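Take a look at the letters that make up each chain.
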Amino acid sequence: MDHRIADLAQHLLGKPGHALDEEERRVLLGIETGTVGARDAADVADERASFGERLSDRVAAIGGSWGFITAFTIVLFGWMLLNSNVLAKIGAAFDPYPYIFLNLMLSTLAAVQAPIIMMSQNRASAKDRVAASLDYETNLRAELDILRLHQKMDAEVIARLARLEAKLDGLASAPPQG
């Protein structure tokens, strides 16, 4: 089959088989085997994702949601209210104003959350590259299929013209009847 793909590469792409990149090789293999080459970019990216990449996506999805912002705001105000009014009146406030422990926790959360969100953004960029590669494969396959159809149609038109020319030659060389 490698010989056939090399022939297709030379015929359709005008380059030798060893000069094909992975996408071109997959497209020509799909043409050779007659299989569909379209794949979902999200599925391909998810297949390639590690546990850490999937986790960073989940953390970024949660940390970047209105639900998280609302819950986080409620917790912050609850913490401040608890330590300023409720527990301060009985002398049991564990983090009184200026909320040093709360500031430490917020700084730690920001220090951990920022790189995780950056990892998720890097993964989104990788997904975009996978999508672009799959789009290239799909476009190349469509272009090559159209080129092959044109070649078939051209060959059929040439064959019909040859048959018509043969008929006309036959009519011209036949003796007149009458």
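Scroll up for the structure.
Residues numbered from 1 in each chain as written. Predicted model: local features only at pLDDT ≥ 70, side-chain atom pairs only at ≥ 80, totals over all residues. Heavy atoms only, no water.

Teacher, can you tell me more about the overall build of the protein chain here?
The secondary structure content of the protein chain amounts to six helices and zero strands. Ordered by position from the N terminus, the helices and strands of the protein chain form the series α-α-α-α-α-α. For the C-alpha atoms alone, the extent of the protein chain along its principal axes is close to 130 × 40 × 20 Å. Out of the 178 residues in the protein chain, the part that is buried amounts to 21%. Taking as baseline every contact in the protein chain between residues at least 6 positions apart, the subset at least 24 positions apart corresponds to 59%. (Helix = DSSP H or I, 4+ residues; strand = E, 2+ residues; numbered from the N terminus. Buried < 20%, exposed > 50% of the residue type's maximum accessible area, 1.4 Å probe, protein only. Contact = heavy atoms within 4.5 Å.)

So what exactly am I meant to see when it comes to the packing of aromatic side chains here?
For any pair of aromatic rings, geometry is given as the distance between the ring centres together with the angle between the planes. Using the criterion set out here, one finds four aromatic pairs in the structure. With centroids separated by 5.1 Å and ring planes inclined at 85 degrees, the aromatic side chains of Trp 79 and Phe 94 adopt a geometry described as edge-to-face. Taken together, the positions of Trp 79 in helix 5 (residues 66-89) and Phe 94 in the loop between helix 5 and helix 6 (100-173) put the pair 15 residues apart, joining distant regions of the chain. Trp 79 gets classed as buried once you look at its relative accessible area, which sits at 15%. Owing to a relative accessible area of 49%, Phe 94 belongs among the partly exposed residues under this scheme. (Phe/Tyr/Trp six-rings, centres within 6.5 Å; stacked < 30°, edge-to-face > 60°.)

How should the pattern of salt bridges be read in this particular structure?
As a working rule, side chains carrying opposite charge can pair if their charged atoms are close by. A full pass over the atoms with the stated rule returns 10 salt bridges. Among the ionic pairs, Arg 141 bridges to Asp 145, the shortest N-O distance being 3.2 Å. One end of the pair is Arg 141 and the other is Asp 145, both in helix 6 and four residues apart, which spans about a single turn. Overall, Arg 141 belongs to the buried group, its relative accessible area being 19%. (Salt bridge = Lys/Arg side-chain N within 4 Å of Asp/Glu carboxyl O.)

What should I look at first to understand the environment of Ala 162 in this one?
Considering the arrangement of structural elements, one finds Ala 162 in helix 6. On the basis of relative accessibility, which here comes to 43%, the residue Ala 162 falls in the partly exposed class. Spatially, the C-alpha atom of Ala 162 lies 54 Å from that of Arg 48, the residues being 114 residues apart in sequence.

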